[in-house]
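Each chain, written out:
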Amino acid sequence: KQEVTQIPAALSVPEGENLVLNCSFTDSAIYNLQWFRQDPGKGLTSLLLIQSSQREQTSGRLNASLDKSSGRSTLYIAASQPGDSATYLCAVKETSGSRLTFGEGTQLTVNP
Amino acid sequence: EAGVAQSPRYKIIEKRQSVAFWCNPISGHATLYWYQQILGQGPKLLIQFQNNGVVDDSQLPKDRFSAERLKGVDSTLKIQPAKLEDSAVYLCASSLEFWEHEQYFGPGTRLTVT
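Conventions adopted
- Residues numbered from 1 in each chain as written.
- Chains lettered and ligands numbered in written order.
- Predicted model: local features only at pLDDT ≥ 70, side-chain atom pairs only at ≥ 80, totals over all residues.
- Heavy atoms only, no water.
- Disulfide = S-S within 2.5 Å.
- Helix = DSSP H or I, 4+ residues; strand = E, 2+ residues; numbered from the N terminus.
- Buried < 20%, exposed > 50% of the residue type's maximum accessible area, 1.4 Å probe, protein only.
- Pairing = 2+ DSSP bridges.
- Axes fitted to C-alpha atoms, helices over the stretch in contact; angles between N-to-C directions.
- Core = buried A, V, L, I, M, F, W, Y, C linked by side-chain atoms within 4.5 Å.
- Contact = heavy atoms within 4.5 Å.
- Phe/Tyr/Trp six-rings, centres within 6.5 Å; stacked < 30°, edge-to-face > 60°.
- 1 Å grid on protein atoms, 1.4 Å probe; cavity = no way out; pocket = protein on both sides within 12 Å on 5 of 7 lines; lining within 4 Å.
- Points joined across faces, edges and corners; volume = space filled by probe spheres on them.
- Nonpolar A, V, L, I, M, F, W, Y, C, P; charged D, E, K, R; others polar.

Undergrad: So what about the state of the cysteines? Which residues, and what values?
TA: Residues and elements named next belong to chain B. Considering all chains together, one arrives at 2 disulfides over all chains under this definition. The residue that forms a disulfide with Cys-23 is Cys-92, at a sulfur-sulfur distance of 1.9 Å. A torsion of -70° about the S-S bond marks the disulfide between Cys-23 and Cys-92 as left-handed. Note that Cys-23 is positioned in strand 3 (residues 19-24) and Cys-92 in strand 9 (residues 88-95), a separation of 69 residues in sequence. Looking at Cys-23, the relative accessible area reads 0%, which means it is buried. For Cys-92, a relative accessible area of 0% translates into the label buried.

Undergrad: Lay out the sheet that holds strand 8 (residues 72-77) of chain A with the relevant residues and their values.
TA: All names here are of chain A. If you walk across this open sheet you meet the 5 strands as 1-3-8-7-6, and the pairing is antiparallel. The outermost strands of the open sheet, each flanked by one partner alone, are strand 1 (4-7) and strand 6 (56-59). Strand after strand, the sheet turns through a mean of 15° between neighbouring axes, direction not considered. Pairing of strand 1 with strand 3 (residues 19-25) involves 4 bridges; the strand directions are antiparallel. Directly across from Thr-5, in strand 3, lies its bridge partner Ser-24.

Undergrad: Residue-level account of the nonpolar core, with values.
TA: Within the largest apolar cluster, 22 residues are counted, with the highest numbers of intra-cluster contacts made by Phe25(A), Leu33(A), Trp35(A), Leu75(A), Ile77(A), Tyr88(A) and Leu108(A). Secondary structure elements with two or more residues in this core: strand 3, strand 4 (32-38), strand 5 (44-51), strand 7 (62-67), strand 8, strand 9 (86-93) and strand 11 (106-111) of chain A. Ignoring sequence-local partners within four residues, the contact set of Tyr88(A) consists of Gln6(A), Leu21(A), Phe36(A), Arg37(A), Leu47(A), Leu75(A), Ile77(A), Gly105(A), Thr106(A) and Leu108(A). Cys23(B), Ile79(B), Ala88(B) and Leu111(B) belong to the second-largest nonpolar core, a separate cluster that totals 21 residues.

Undergrad: Before we move on, can you summarise the packing of aromatic side chains with the specific residues and values?
TA: Counted according to the given criterion, the structure contains 7 aromatic pairs over all chains. Residues Phe36(A) and Phe102(A) carry aromatic rings whose centres are separated by 5.5 Å and whose planes lie at 45° to one another, so their mutual orientation is tilted. One end of the pair, Phe36(A), is in strand 4; the other, Phe102(A), is in strand 10 (residues 100-102), with 66 residues separating them in the sequence. For the residue pair Phe36(A) and Phe102(A), the accessibility class agrees, reading buried in each case. With a centroid separation of 5.8 Å and 90° between ring planes, the pair formed by Phe102(A) and Tyr35(B) is classed as edge-to-face. Of this pair, Phe102(A) sits in strand 10 while Tyr35(B) sits in strand 4 (residues 31-37), each in a different chain. The two residues Phe102(A) and Tyr35(B) agree in class, both being buried. An aromatic cluster is present here, built from Phe36(A), Phe102(A), Tyr33(B), Tyr35(B) and Phe105(B) joined pairwise through their rings.

Undergrad: I'd like a rundown of the layout of surface pockets, residues and numbers included.
TA: Rolled over the atoms, a probe with the dimensions of a water molecule shows which regions are left empty. Of the voids in this model, the largest pocket is the one considered here, and its volume is about 630 Å³. Surrounding the largest pocket, 32 residues form its lining, Gln38(A), Thr87(A), Gln37(B), Leu39(B) and Arg110(B) being those nearest its centre. Listed by contribution, the elements that provide at least two residues to the lining of the largest pocket are strand 9 and strand 11 of chain A together with strand 9 and strand 11 (109-113) of chain B. No other element matches the 4 residues that strand 11 of chain A contributes to the lining of the largest pocket. A breakdown of the residues in the lining of the largest pocket according to their chemical character gives 13 nonpolar, 14 polar and 5 charged. By volume, the second largest pocket amounts to about 460 Å³. Class assignment of the residues belonging to the lining of the second largest pocket gives a composition of 5 nonpolar, 8 polar and 7 charged.

Next up, the structure:
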(Lines give C-alpha, C1' and ligand atoms only; values in the text may rest on other atoms or scores of the structure.)
Protein backbone atom coordinates (compact mmCIF):
# COMPACT_ATOMS: atom_id res chain seq x y z
CA LYS A 1 0.00 0.00 0.00
CA GLN A 2 1.40 3.36 -1.05
CA GLU A 3 2.06 5.82 1.77
CA VAL A 4 3.02 9.46 1.27
CA THR A 5 4.73 11.50 3.98
CA GLN A 6 5.43 15.23 4.02
CA ILE A 7 7.97 16.98 6.19
CA PRO A 8 7.75 19.41 7.87
CA ALA A 9 4.08 19.54 8.88
CA ALA A 10 4.33 23.29 9.34
CA LEU A 11 6.86 25.92 8.37
CA SER A 12 7.08 29.64 9.12
CA VAL A 13 9.60 31.80 7.29
CA PRO A 14 10.26 35.51 6.73
CA GLU A 15 9.46 36.99 3.36
CA GLY A 16 12.19 36.60 0.75
CA GLU A 17 13.58 33.28 1.98
CA ASN A 18 14.12 30.33 -0.31
CA LEU A 19 12.57 27.16 1.10
CA VAL A 20 12.21 23.45 0.45
CA LEU A 21 9.24 21.20 1.15
CA ASN A 22 9.79 17.45 1.25
CA CYS A 23 7.64 14.54 0.14
CA SER A 24 8.47 10.84 0.39
CA PHE A 25 6.59 7.80 -0.86
CA THR A 26 6.99 4.12 -0.02
CA ASP A 27 6.46 2.46 -3.42
CA SER A 28 8.76 3.84 -6.10
CA ALA A 29 6.70 2.34 -8.96
CA ILE A 30 4.74 5.52 -9.61
CA TYR A 31 3.19 6.95 -12.77
CA ASN A 32 3.50 10.59 -11.76
CA LEU A 33 3.75 12.92 -8.77
CA GLN A 34 1.86 16.14 -8.36
CA TRP A 35 2.16 19.14 -6.05
CA PHE A 36 -0.98 21.02 -5.04
CA ARG A 37 -1.71 24.19 -3.14
CA GLN A 38 -4.72 24.50 -0.81
CA ASP A 39 -5.91 27.82 0.55
CA PRO A 40 -8.23 27.91 3.60
CA GLY A 41 -11.83 27.24 2.64
CA LYS A 42 -10.91 26.47 -0.94
CA GLY A 43 -10.25 23.45 -3.05
CA LEU A 44 -6.90 22.28 -4.36
CA THR A 45 -4.97 23.96 -7.16
CA SER A 46 -2.44 21.95 -9.15
CA LEU A 47 1.02 23.54 -9.15
CA LEU A 48 3.38 21.10 -10.84
CA LEU A 49 3.20 17.58 -12.20
CA ILE A 50 6.25 15.37 -12.75
CA GLN A 51 5.95 12.26 -14.89
CA SER A 52 7.87 9.20 -13.69
CA SER A 53 10.40 9.64 -16.51
CA GLN A 54 11.17 13.24 -15.57
CA ARG A 55 13.54 14.59 -12.95
CA GLU A 56 12.09 18.05 -12.44
CA GLN A 57 9.52 20.63 -13.45
CA THR A 58 9.61 24.39 -13.09
CA SER A 59 6.93 27.06 -13.03
CA GLY A 60 7.93 30.60 -12.14
CA ARG A 61 9.43 30.60 -8.66
CA LEU A 62 8.54 26.94 -8.11
CA ASN A 63 10.74 23.97 -8.92
CA ALA A 64 9.81 20.38 -8.16
CA SER A 65 12.24 17.49 -8.37
CA LEU A 66 11.66 13.76 -8.36
CA ASP A 67 13.99 10.93 -7.36
CA LYS A 68 11.98 7.78 -7.95
CA SER A 69 14.66 5.37 -6.80
CA SER A 70 14.79 6.92 -3.36
CA GLY A 71 11.07 7.67 -3.21
CA ARG A 72 11.47 11.41 -2.74
CA SER A 73 10.33 14.69 -4.20
CA THR A 74 11.08 18.25 -3.18
CA LEU A 75 9.27 21.50 -3.90
CA TYR A 76 11.58 24.49 -3.95
CA ILE A 77 10.05 27.95 -3.58
CA ALA A 78 12.34 30.85 -4.39
CA ALA A 79 12.04 34.31 -2.88
CA SER A 80 8.95 33.46 -0.83
CA GLN A 81 6.10 35.99 -0.55
CA PRO A 82 3.22 36.34 1.94
CA GLY A 83 0.89 35.26 -0.86
CA ASP A 84 2.62 31.87 -0.86
CA SER A 85 1.09 31.14 2.55
CA ALA A 86 -1.03 28.02 2.12
CA THR A 87 -0.96 24.27 2.64
CA TYR A 88 1.10 22.38 0.09
CA LEU A 89 0.18 18.78 -0.70
CA CYS A 90 1.97 16.20 -2.75
CA ALA A 91 0.19 13.25 -4.32
CA VAL A 92 1.32 10.21 -6.29
CA LYS A 93 -0.48 8.21 -8.94
CA GLU A 94 0.62 4.60 -9.37
CA THR A 95 -0.87 3.88 -12.80
CA SER A 96 -2.47 6.05 -15.48
CA GLY A 97 -5.99 5.36 -14.24
CA SER A 98 -5.43 4.89 -10.53
CA ARG A 99 -6.35 7.16 -7.65
CA LEU A 100 -4.14 9.88 -6.24
CA THR A 101 -2.60 9.12 -2.84
CA PHE A 102 -2.00 12.32 -0.90
CA GLY A 103 0.41 13.26 1.84
CA GLU A 104 -0.82 15.15 4.88
CA GLY A 105 0.53 18.47 3.66
CA THR A 106 2.90 21.19 4.83
CA GLN A 107 1.30 24.35 6.18
CA LEU A 108 3.47 27.27 5.06
CA THR A 109 3.33 30.75 6.56
CA VAL A 110 5.41 33.51 4.99
CA ASN A 111 5.67 36.51 7.30
CA PRO A 112 5.98 40.04 5.86
CA GLU B 1 -15.10 28.44 -17.95
CA ALA B 2 -17.10 27.73 -14.81
CA GLY B 3 -15.34 25.63 -12.19
CA VAL B 4 -16.56 22.71 -10.14
CA ALA B 5 -19.58 23.75 -8.09
CA GLN B 6 -20.47 22.26 -4.71
CA SER B 7 -23.28 22.86 -2.26
CA PRO B 8 -23.82 23.43 0.54
CA ARG B 9 -20.54 24.98 1.63
CA TYR B 10 -21.13 24.24 5.29
CA LYS B 11 -23.35 21.78 7.12
CA ILE B 12 -23.80 20.99 10.80
CA ILE B 13 -25.81 17.93 11.79
CA GLU B 14 -26.21 15.68 14.80
CA LYS B 15 -24.91 12.14 14.80
CA ARG B 16 -27.26 9.56 13.33
CA GLN B 17 -28.83 12.20 11.03
CA SER B 18 -28.57 12.04 7.25
CA VAL B 19 -26.87 14.53 4.95
CA ALA B 20 -26.38 14.95 1.22
CA PHE B 21 -23.84 16.91 -0.79
CA TRP B 22 -24.15 18.00 -4.39
CA CYS B 23 -21.48 18.48 -7.03
CA ASN B 24 -21.67 19.84 -10.57
CA PRO B 25 -18.45 19.19 -12.50
CA ILE B 26 -16.93 21.26 -15.27
CA SER B 27 -18.96 20.93 -18.43
CA GLY B 28 -17.74 18.06 -20.61
CA HIS B 29 -15.72 16.34 -17.89
CA ALA B 30 -16.43 12.63 -17.95
CA THR B 31 -14.74 11.74 -14.67
CA LEU B 32 -15.95 12.87 -11.26
CA TYR B 33 -14.27 12.24 -7.90
CA TRP B 34 -15.42 12.58 -4.30
CA TYR B 35 -12.71 13.00 -1.65
CA GLN B 36 -12.89 13.14 2.14
CA GLN B 37 -10.37 15.41 3.87
CA ILE B 38 -10.20 15.12 7.64
CA LEU B 39 -8.60 18.08 9.42
CA GLY B 40 -4.81 17.85 9.26
CA GLN B 41 -4.81 15.09 6.65
CA GLY B 42 -4.60 14.88 2.90
CA PRO B 43 -7.69 14.11 0.82
CA LYS B 44 -8.70 10.47 0.53
CA LEU B 45 -10.62 9.27 -2.53
CA LEU B 46 -14.07 7.92 -1.66
CA ILE B 47 -15.44 7.21 -5.11
CA GLN B 48 -14.58 7.83 -8.76
CA PHE B 49 -17.13 7.89 -11.60
CA GLN B 50 -16.47 7.62 -15.33
CA ASN B 51 -19.65 9.06 -16.87
CA ASN B 52 -22.33 7.37 -14.77
CA GLY B 53 -20.34 4.22 -13.97
CA VAL B 54 -18.23 3.60 -10.87
CA VAL B 55 -14.50 3.15 -11.51
CA ASP B 56 -13.22 2.95 -7.92
CA ASP B 57 -15.23 2.86 -4.69
CA SER B 58 -12.84 0.67 -2.70
CA GLN B 59 -12.43 3.28 0.05
CA LEU B 60 -16.12 4.20 0.36
CA PRO B 61 -17.72 3.03 3.66
CA LYS B 62 -20.65 1.46 1.91
CA ASP B 63 -22.60 0.73 5.08
CA ARG B 64 -23.30 4.45 5.50
CA PHE B 65 -22.05 6.28 2.41
CA SER B 66 -23.63 6.23 -1.03
CA ALA B 67 -23.09 8.23 -4.19
CA GLU B 68 -24.76 8.47 -7.55
CA ARG B 69 -24.24 10.17 -10.85
CA LEU B 70 -27.38 9.15 -12.67
CA LYS B 71 -27.11 11.19 -15.89
CA GLY B 72 -23.32 11.29 -16.01
CA VAL B 73 -23.23 14.97 -15.09
CA ASP B 74 -23.86 16.14 -11.52
CA SER B 75 -23.47 13.88 -8.52
CA THR B 76 -24.78 13.46 -4.99
CA LEU B 77 -22.92 11.98 -2.02
CA LYS B 78 -25.03 10.86 0.93
CA ILE B 79 -24.19 9.82 4.48
CA GLN B 80 -26.81 7.92 6.45
CA PRO B 81 -26.49 7.76 9.42
CA ALA B 82 -23.65 10.17 10.17
CA LYS B 83 -21.02 9.50 12.82
CA LEU B 84 -18.78 11.94 14.67
CA GLU B 85 -15.77 10.71 12.68
CA ASP B 86 -17.45 11.81 9.44
CA SER B 87 -16.67 15.43 10.31
CA ALA B 88 -14.48 16.53 7.40
CA VAL B 89 -14.36 18.54 4.22
CA TYR B 90 -15.86 16.71 1.27
CA LEU B 91 -14.19 17.70 -1.98
CA CYS B 92 -15.48 17.07 -5.46
CA ALA B 93 -13.16 17.09 -8.46
CA SER B 94 -13.52 16.42 -12.16
CA SER B 95 -11.30 15.65 -15.12
CA LEU B 96 -11.82 15.16 -18.84
CA GLU B 97 -11.10 11.43 -18.66
CA PHE B 98 -9.99 9.13 -15.84
CA TRP B 99 -6.47 8.90 -17.20
CA GLU B 100 -6.07 12.68 -17.28
CA HIS B 101 -3.67 14.01 -14.69
CA GLU B 102 -5.42 17.35 -14.35
CA GLN B 103 -8.15 17.18 -11.73
CA TYR B 104 -10.05 20.39 -11.02
CA PHE B 105 -11.32 20.71 -7.46
CA GLY B 106 -14.40 22.42 -6.09
CA PRO B 107 -14.33 24.50 -2.88
CA GLY B 108 -15.61 21.64 -0.75
CA THR B 109 -18.37 21.15 1.80
CA ARG B 110 -17.35 21.36 5.44
CA LEU B 111 -19.39 18.88 7.50
CA THR B 112 -19.52 19.03 11.27
CA VAL B 113 -21.21 16.16 13.09
CA THR B 114 -22.07 16.89 16.74
